[in-house]
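# Examining the three-dimensional arrangement
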There are 2 protein chains.
Amino acid sequence: MEHESPRTVRIALGSRSYDILVGPGLIAGAGREIARRLPGARAAIVTDETVAGLHLPALLASLGAAGLEATPIVLPAGERTKSFEQLVALVDRLLELRLERGDAVIALGGGVIGDLAGFAAGIVKRGMRFVQVPTTLLAQVDSSVGGKTGINSPRGKNLVGVFHQPDLVIADTSVLDTLAPREFAAGYAEMVKYGLIDRPDFFAWLEENRPAIFAGGAQRAEAVAQCCRAKAVVVEEDEREDGRRALLNLGHTFGHALEAGVAYDPARLVHGEGVAIGMALAHRFSARLGLCPPEDAARAAAHLEAAGLPTRIGQIPGAGFTCEALMGKIAQDKKVKRGRLTFILTRGIGQSFVSDDVDPAKVEAFLKDEIDAR
Amino acid sequence: MEHESPRTVRIALGSRSYDILVGPGLIAGAGREIARRLPGARAAIVTDETVAGLHLPALLASLGAAGLEATPIVLPAGERTKSFEQLVALVDRLLELRLERGDAVIALGGGVIGDLAGFAAGIVKRGMRFVQVPTTLLAQVDSSVGGKTGINSPRGKNLVGVFHQPDLVIADTSVLDTLAPREFAAGYAEMVKYGLIDRPDFFAWLEENRPAIFAGGAQRAEAVAQCCRAKAVVVEEDEREDGRRALLNLGHTFGHALEAGVAYDPARLVHGEGVAIGMALAHRFSARLGLCPPEDAARAAAHLEAAGLPTRIGQIPGAGFTCEALMGKIAQDKKVKRGRLTFILTRGIGQSFVSDDVDPAKVEAFLKDEIDAR
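Residues numbered from 1 in each chain as written. Chains lettered and ligands numbered in written order. Predicted model: local features only at pLDDT ≥ 70, side-chain atom pairs only at ≥ 80, totals over all residues. Heavy atoms only, no water.

In the nomenclature of an unreviewed UniProt entry, chain A corresponds to 3-dehydroquinate synthase from the organism Aureimonas populi. Listed under Function (unreviewed entry) in UniProt, the entry text for chain A is "Catalyzes the conversion of 3-deoxy-D-arabino-heptulosonate 7-phosphate (DAHP) to dehydroquinate (DHQ)." Per its UniProt entry, chain A bears the Sequence similarities (unreviewed entry) comment "Belongs to the sugar phosphate cyclases superfamily. Dehydroquinate synthase family." (UniProt positions renumbered as here; feature names shortened; annotations may be inferred.)

Dropping the structure here:
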């Protein structure tokens, strides 16, 4: 375990401001950091069976050393845990523990645990304190910044939830060593996204430092901190997602359609992989519209491929996609206004923009060619 | 139906500011007011079986005339509707209607409907637009101001919810004519509360105008508007209930204990009646502590009694209360700190204050005498 001092990213949201601490080995000091910010608080640690086996003993030891009384609540691992059923059970457990508003829910896990625990923290007693200890790369650079919490409904993903900002996020970059390579790469796709949105220098830095980030050096913590900062800038401007925050959806309109197309089967496609293909598609589509130099689209795709990520629809294992099905999913993605589609397009590496005037016929023709290009 | 122009109470909460319109016959113009504030929105009207029979046709006609597409969702009447089960069903229904963030949930009913519908509006798509059309006096002067929403848990009332401010409140004072006298009186107790907290002039005005308010004259609308304004001042200062907002709990610590003591059986005691007895107790207890002139305590009780409200524990029908049981309930009311109780006490009519240093032994001795004084 390394002992450099952590990087601190401050999220400035007035009375809801908070710190993200980023660095290797931070769980060992988590108790001290939490106790300092929430003196006298009790805590419940919400985690899943997989993460509990790996990191719960270290977190409990750290909280205990800081004199923080904490009760673990261990849930099943997997996306199905983001349900009303699990939410109701979790809320009841928190009430049973007689936790008060000033007490803390600590989410130890990936996006599923963070979203569910954050939602519960947001509604018990109309809002408890909330601490995130994200254990996946995706959660460290995406889900833990911005205050979005929620669960899935049988009618769609993330359709129910609240905005509930955490009081502290502890991103321990050492825990990422326990991730499967495919899961690490999926999180890396969201890292690349920040470069592609509006940080060409960061994209170039990633091209150079990708191997070191995967290997776990100081560059990994630096990259996570940079991404949190990048997302923070957007969230601070647009906490409730009315405008500029839409840029964070780069690659997500195509990506969500692909995820829905495989019925969210993680064996075929995980979220980050969908975003990787979606970003490659957004760049090639922008090139086809004459907005983006083709060499920039190729450069974006090349970097994603170097990281082991898919960039073409044909790379998704299993049965083929039809253009009609994908267009149908895109139309459902809440981004249609008077027959025109809202998309994130780009003029080149780090030059993305929101377009709410995309001709569906052009998207359809483009997708047809992409599906055929196997 | 009268046609004077409505009183408007503005709740100033920055980007979450909204208007409360108060006056007789306002439902007839509700569609126009909603369409003006939420152009292009679709709506779901959440109501209960009792209120639907009385006021839903008028509201639907008004929305239709304004070109507002609205779907009614009719739930069972009564406190049991404030449950996770009903919340999940309501959320699913709103999603089934494919309503978006910019669309509106309209709550047509009393506190139960407002609390449940507001909670659903607060969590569907992480927050939809919300309009309240309160149909009880209690909801018009209390529940519809302040943004508190929520449901009950088997572990206690209102333990789960969010703060979600409405976009508009339409308090049609004519609909109060359909209330049972006991229900009107219970709402009136919360009106008296605003006078007793810090508005001695308003209390004196109520003493003079009570018969007119019950009869339904212009004084009724004036009284409702005054109460909304009084609550607004408190909420604006303390939106998330950390400090001064506690004054709104005048009469509620004793009141909640009494409600819990009858197991929330509305045949024995409704909330407003519990508050009436609680306020009389708070005044007599303050007098006993030498804080409040005994004649002020007598005056507060006399006014509540004139309105047909109970002011003594012995007036609650059914089996007697024990001092031990009441003290136990008070201790559970989240207001104990290091063995001292937090109470709202008073120095006289309109001179209430928060005391977090009340000796439980003195409360117990006082309650014992009150229970014996049949």
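## Concerning the UniProt feature "binding site: Zn(2+)" (unreviewed entry) in chain A
Residues and elements named next belong to chain A. This chain's UniProt record puts "binding site: Zn(2+)" (unreviewed entry) on Glu190, His252 and His271. What stands out for the annotated residues spanning 82 residues is how close their C-alpha atoms remain, the widest pair being 10.3 Å apart. Residue class for histidine 252 comes out buried when judged on its relative accessible area of 7%. Mapped onto the elements, histidine 271 comes out in helix α10 (residues 271–288). Overall, histidine 271 belongs to the partly exposed group, its relative accessible area being 22%. Each residue touching histidine 271, except ones within four places of it in the same chain, is listed here: Leu138, Glu190, His252, His256 and Glu259. Side chain to side chain, histidine 271 and glutamate 190 meet in a polar contact 3.2 Å long. (Buried < 20%, exposed > 50% of the residue type's maximum accessible area, 1.4 Å probe, protein only. Helix = DSSP H or I, 4+ residues; strand = E, 2+ residues; numbered from the N terminus. Contact = heavy atoms within 4.5 Å. Polar contact = N/O pair within 3.5 Å; in protein donor to acceptor, adjacent residues only side chain to side chain.)

## A closer look at unusual backbone geometry
One non-glycine residue with positive phi stands out, namely asparagine 158 of chain A, at about 55°. In this fold, asparagine 158 of chain A is placed in strand β8 (residues 156–160).

## Description of the domain arrangement of chain A
Residues and elements named next belong to chain A. In terms of domain boundaries, chain A breaks down into domain 1 (7–179) and domain 2 (235–372). Each of domain 1 and domain 2 has a C-alpha centre, and the two are 30 Å apart. Listed by partner, the interface residues are eleven residues for domain 1 and nine residues for domain 2. Summed over both sides, the interface of domain 1 with domain 2 buries roughly 970 Å², with 54% coming from carbon and sulfur. In this structure, the connection of domain 1 to domain 2 is made through two residue pairs in polar contact (both at pLDDT 80 or more). Taken together, the residues that form the side of domain 1 that touches domain 2 break down as five nonpolar, two polar and four charged. (Domains from an automatic or database assignment. Buried area = accessible area lost by both parts, 1.4 Å probe. Nonpolar A, V, L, I, M, F, W, Y, C, P; charged D, E, K, R; others polar.)

## Brief notes about the interface of chain B and chain A
Facing the 28 residues of chain B at the interface are 28 residues of chain A. Here chain B and chain A share an interface that buries about 2,700 Å² over both sides, 55% of which is from carbon and sulfur atoms. Per-residue buried area on chain B facing chain A is highest for Phe84, Arg126 and Arg155 of chain B; these three make up 27% of the total on that side. On inspection of chain B and its partner chain A, the count reaches four salt bridges. One salt bridge connects arginine 155 of chain A with glutamate 96 of chain B, and the closest N-O pair in it is separated by 3.2 Å. At the junction of chain B with chain A, the criterion picks out ten residue pairs in polar contact (both at pLDDT 80 or more). For the side of chain B that touches chain A, the elements supplying multiple residues, two or more each, are α3 (84–96), α4 (111–123) and β8 (156–160) of chain B. The leading source of residues in the side of chain B that touches chain A is α3 of chain B, at six residues. Here the side of chain B that touches chain A is composed, by residue class, of eleven nonpolar, five polar and twelve charged. (Salt bridge = Lys/Arg side-chain N within 4 Å of Asp/Glu carboxyl O.)

## Things to note about the pairing of β8 of chain A
Residues and elements named next belong to chain A. Direction of pairing for strand β7 (residues 151–153) relative to β8: antiparallel, over a ladder of two bridges. Each residue of the ladder has a partner; that of isoleucine 151, found in β8, is valine 160. Counted between consecutive antiparallel strands, the loop separating β7 from β8 contains two residues. (Pairing = 2+ DSSP bridges.)

## With respect to the environment of valine 169 of chain B
Residue and element names in this part refer to chain B. Looking at the secondary structure, you find valine 169 in strand β9 (residues 168–172). Given the relative accessible area of 0%, valine 169 is considered buried. Each residue touching valine 169, except ones within four places of it in the same chain, is listed here: Tyr18, Asp19, Ile20, Leu21, Gln132, Pro134 and Ser144.

## Observations concerning the environment of arginine 98 of chain A
Residue and element names in this part refer to chain A. With respect to the helices and strands, the residue arginine 98 is situated in the loop between α3 (84–96) and β5 (104–109). Take arginine 98: its relative accessible area is 56%, and that puts it in the exposed class. Sequence separation of arginine 98 and proline 293 is 195 residues, and the distance between their C-alpha atoms is 59 Å. Dropping the residues within four chain positions of it, arginine 98 is found in contact with Arg42 and Asp103.

## A word on the packing of aromatic side chains
Residues and elements named next belong to chain B. This model, assessed by the stated rule, comprises 14 aromatic pairs over all chains. Judged by centre distance (6.2 Å) and plane angle (50°), the ring pair of phenylalanine 285 and phenylalanine 343 falls under tilted. With phenylalanine 285 in helix α10 (residues 271–288) and phenylalanine 343 in strand β11 (residues 340–346), this residue pair connects regions lying 58 residues apart in the sequence. You'll find phenylalanine 285 and phenylalanine 343 in the same group, each marked buried. Sitting over the ring of tyrosine 194, lysine 193 keeps its end group 5.3 Å from the ring centre. Directly above the ring of phenylalanine 353 sits arginine 347, whose terminal nitrogen or CZ lies 3.9 Å from the centroid. (Phe/Tyr/Trp six-rings, centres within 6.5 Å; stacked < 30°, edge-to-face > 60°. Lys NZ or Arg CZ within 6 Å of the ring centre and 35° of its normal.)

## Some words on the pattern of salt bridges
Overall, the coordinates contain 48 salt bridges over all chains when judged by the stated rule. One salt bridge connects arginine 129 of chain B with aspartate 167 of chain B, and the closest N-O pair in it is separated by 3.1 Å. Of the two residues, arginine 129 of chain B sits in strand β6 (residues 129–134) while aspartate 167 of chain B sits in the loop between β8 and β9, which places them 38 residues apart along the sequence. A salt bridge links lysine 368 of chain B to aspartate 372 of chain B; the nearest nitrogen and oxygen atoms lie 3.7 Å apart. In this pair, lysine 368 of chain B and aspartate 372 of chain B both sit in helix α13 (residues 360–372), four residues apart, roughly one turn of the helix. You can call lysine 368 of chain B partly exposed: its relative accessible area is 49%. Several salt bridges share partner residues, and in doing so they unite Arg10, Asp19, Glu33, Arg36 and Arg37 of chain A into one network.

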